[in-house]
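Descriptive structure summary
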Amino acid sequence: MLTRKLRRRGAIAAAGLLTLGTARPGTAQDEPPLMLTPSQQEGPYYPVEIPSDHDADLTVVGDAETVAAGQPLLLHGVLLDSSGEPVEGAVVEIWQTDAVGIYLHPGDPDFEDRDTAFQGFGTSVTDADGIWAFRTILPEVYGSRPRHIHAKVKVGDETVLTTQIYFSGGDIPAEGALEATGGELDALLVAVEAVVAEDGSEVLTAEHAVVVP
Ligand SMILES: [Fe+2]
């Protein structure tokens, strides 16, 4: 069995390989500005305190040997400004439920039953090409809400976007009523694809272009 460190290195390499093909919407001087990614409610479960382990791999907490339950998901994409230029050095934050639909937040009524092997919150700093990437799990649904991941984008000390990411494609149903509608919803939906990783295991991938002012 691989050590935790090797597993993590593999995960990051996989995410890196998968981000190489990240599409950037084509832009030219005379093209209209890109549509900004719509804002969505923050909701009640943003961390009270940022956990000490808040890296981009949410499937392992600290030096734990146990990996989070759930279907691994490589969620990645590009961060652009409205002129289509990549935004470098921004912090993308995500927070989401674990494999049984519980947040890493004491306000979640089922907090005591959460998967303690799941990090619950993570950050990814965009590179020179605006690329960000997370290794996480497919979030479980809770209440009447559709499956979603919360996200914030911070540039310096400023939060420039608070939003949510929804899922489509494959066998993943969009349960419940979505907050967003029409074109706004299109800009918040990501398609999930199953790919086979180097070690033969199945990993879900989802790519999302995010546009901020
Ligand atoms: Fe939520």
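Presented here is a report on the structure given in the accompanying data block. (Residues numbered from 1 in each chain as written. Predicted model: local features only at pLDDT ≥ 70, side-chain atom pairs only at ≥ 80, totals over all residues. Heavy atoms only, no water.)

**Let's talk about the sheet that holds strand S2 (residues 91–95)**
- If you trace the eight strands from one edge of the open sheet to the other, you get S3-S2-S5-S6-S7-S8-S1-S4, paired in mixed fashion. Two strands lie at the open edges of the sheet, namely strand S3 (121–125) and strand S4 (131–137), each paired on one side alone. Strand-to-strand twist in this sheet, taken as the mean axis angle between neighbours without regard to direction, amounts to 30 degrees.
- Looking at chain direction, strand S7 (residues 189–196) and strand S8 (residues 202–212) are connected through five bridges and run antiparallel. Pairing of glutamate 193 across the sheet is with threonine 205, part of S8. (Pairing = 2+ DSSP bridges. Helix = DSSP H or I, 4+ residues; strand = E, 2+ residues; numbered from the N terminus. Axes fitted to C-alpha atoms, helices over the stretch in contact; angles between N-to-C directions.)

**Examining the packing of aromatic side chains**
- In the structure shown here, the tally under the stated rule is five aromatic pairs.
- An aromatic cluster is built from Tyr45, Tyr103 and Tyr142, whose rings are joined through pairwise contacts.
- Positioned above the aromatic ring of tyrosine 46, the side-chain terminus of lysine 152 is 4.7 Å from the ring centre. (Phe/Tyr/Trp six-rings, centres within 6.5 Å; stacked < 30°, edge-to-face > 60°. Lys NZ or Arg CZ within 6 Å of the ring centre and 35° of its normal.)

**Comments concerning the nonpolar core**
- Leu73, Leu79 and Val153 are the most contacted members of the largest nonpolar core, which totals 26 residues.
- The element contributing the most residues to this core is S8, with four residues.
- Those residues in contact with valine 153, other than ones at most four positions away along the chain, are Leu79, Ala90, Val91, Val92, Glu158, Thr159, Val160, Leu161, Val210 and Val212. (Core = buried A, V, L, I, M, F, W, Y, C linked by side-chain atoms within 4.5 Å. Buried < 20%, exposed > 50% of the residue type's maximum accessible area, 1.4 Å probe, protein only. Contact = heavy atoms within 4.5 Å.)

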